[in-house]
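Here's the letter readout for the chains.
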Amino acid sequence: MRVLNELLANRVLWVAVVGWFVAQALKVVFTYIIERRWDFGRFFGLGGMPSSHSAVVCGVATAVGIARGFYSIEFTMAFVTASVVMTDAAGVRRAAGKQAVVLNKIVQDMAAGGLNFSNEALKELLGHTPFEVLMGALLGVLLAVLIM
């Protein structure tokens, strides 16, 4: 029971959980605003606006900075981790998503030409634009300030 109480009292953990939840919920809302359709599958999907990865890691880094100090080793570790995650989201994962679009088109064209291929398409929405990463980061910082 003590462990559960400690987890529930861990405000840094709450920043991460709330950051993920809010970012994912906003993806559903933004999909509705842009496409005029509810897609609740976006709640569990990758990519899109805002980046939940960025919201979580920036929220945690900010919360750790508030709790332990922005000069602490813990903040440095959280900041470096956040930098790597956000760079990956806007770089490697975004490039992989663009490659998936091209590969899916090639497979579709080849299948139309009579070649037998798997019908399973690659996921195309994997990464984020720099703006989506920035908005996720700002969301995380804001939530950390509000929760801490």
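Look up: the structure comes first, before these words.
A short tour of the structure in this document, coming up.

The rules we used
- Residues numbered from 1 in each chain as written.
- Predicted model: local features only at pLDDT ≥ 70, side-chain atom pairs only at ≥ 80, totals over all residues.
- Heavy atoms only, no water.
- Helix = DSSP H or I, 4+ residues; strand = E, 2+ residues; numbered from the N terminus.
- Axes fitted to C-alpha atoms, helices over the stretch in contact; angles between N-to-C directions.
- Parallel < 35°, antiparallel > 145°, perpendicular 65-115°, else oblique.
- Left-handed = near helix turned anticlockwise from the far one by under 90°.
- Contact = heavy atoms within 4.5 Å.
- Expected span 1.5 Å × (residues − 1).
- Buried < 20%, exposed > 50% of the residue type's maximum accessible area, 1.4 Å probe, protein only.
- Polar contact = N/O pair within 3.5 Å; in protein donor to acceptor, adjacent residues only side chain to side chain.

As for unusual backbone geometry
Okay, step 1: For the bond from methionine 49 to proline 50, the omega torsion is -10°, close enough to zero to count as cis.
Okay, step 2: For proline 50, the location among the structural elements is in the loop between helix H2 (11-35) and helix H3 (52-68).

Remarks on the packing of H2 against helix H6 (residues 130-147)
Each pair of packed helices gets described by two things: the angle between the helix axes and the distance between those axes.
Okay, step 1: In the contact formed by H2 and H6, the axes pass within 9 Å of each other and the chain directions differ by 135°. When the interaxial angle is binned, H2 and H6 end up oblique. With respect to the hand of their crossing, H2 and H6 are arranged in right-handed fashion. Contacts from Arg11, Trp14, Val15, Val18, Gly19, Val22, Ala23 and Leu26 of H2 reach H6 at Leu139, Gly140, Leu143, Ala144 and Ile147.

Some details on H3
Okay, step 1: Helix length check: H3, at 17 residues, gives a terminal C-alpha distance of 24 Å against a target of 24 Å (1.5 Å per residue), a fit within 8%.
Okay, step 2: Turning to H3, its buried residues are Ser52, Ser54, Ala55, Val57, Cys58, Gly59, Ala61, Thr62, Ala63, Val64 and Gly65.
Okay, step 3: Each element contacted by the buried residues of H3 is listed here: H2, helix H4 (73-90) and H6.
Okay, step 4: Residue serine 51 occupies the N-cap position of H3, its side-chain oxygen lying 3.5 Å from the main-chain nitrogen of histidine 53.
Okay, step 5: Downstream of H3 by a residue or two, glycine 69 has a phi angle that is positive, lying close to 105°.

Some remarks on H6
Because the α-helix completes a turn every 3.6 residues, residues three or four places apart line up on one side.
Okay, step 1: Look at H6: 26 Å from first C-alpha to last across 18 residues, which is about the 26 Å you get at 1.5 Å a residue.
Okay, step 2: On the buried face of H6, the contacting elements are H2, H3 and H4.

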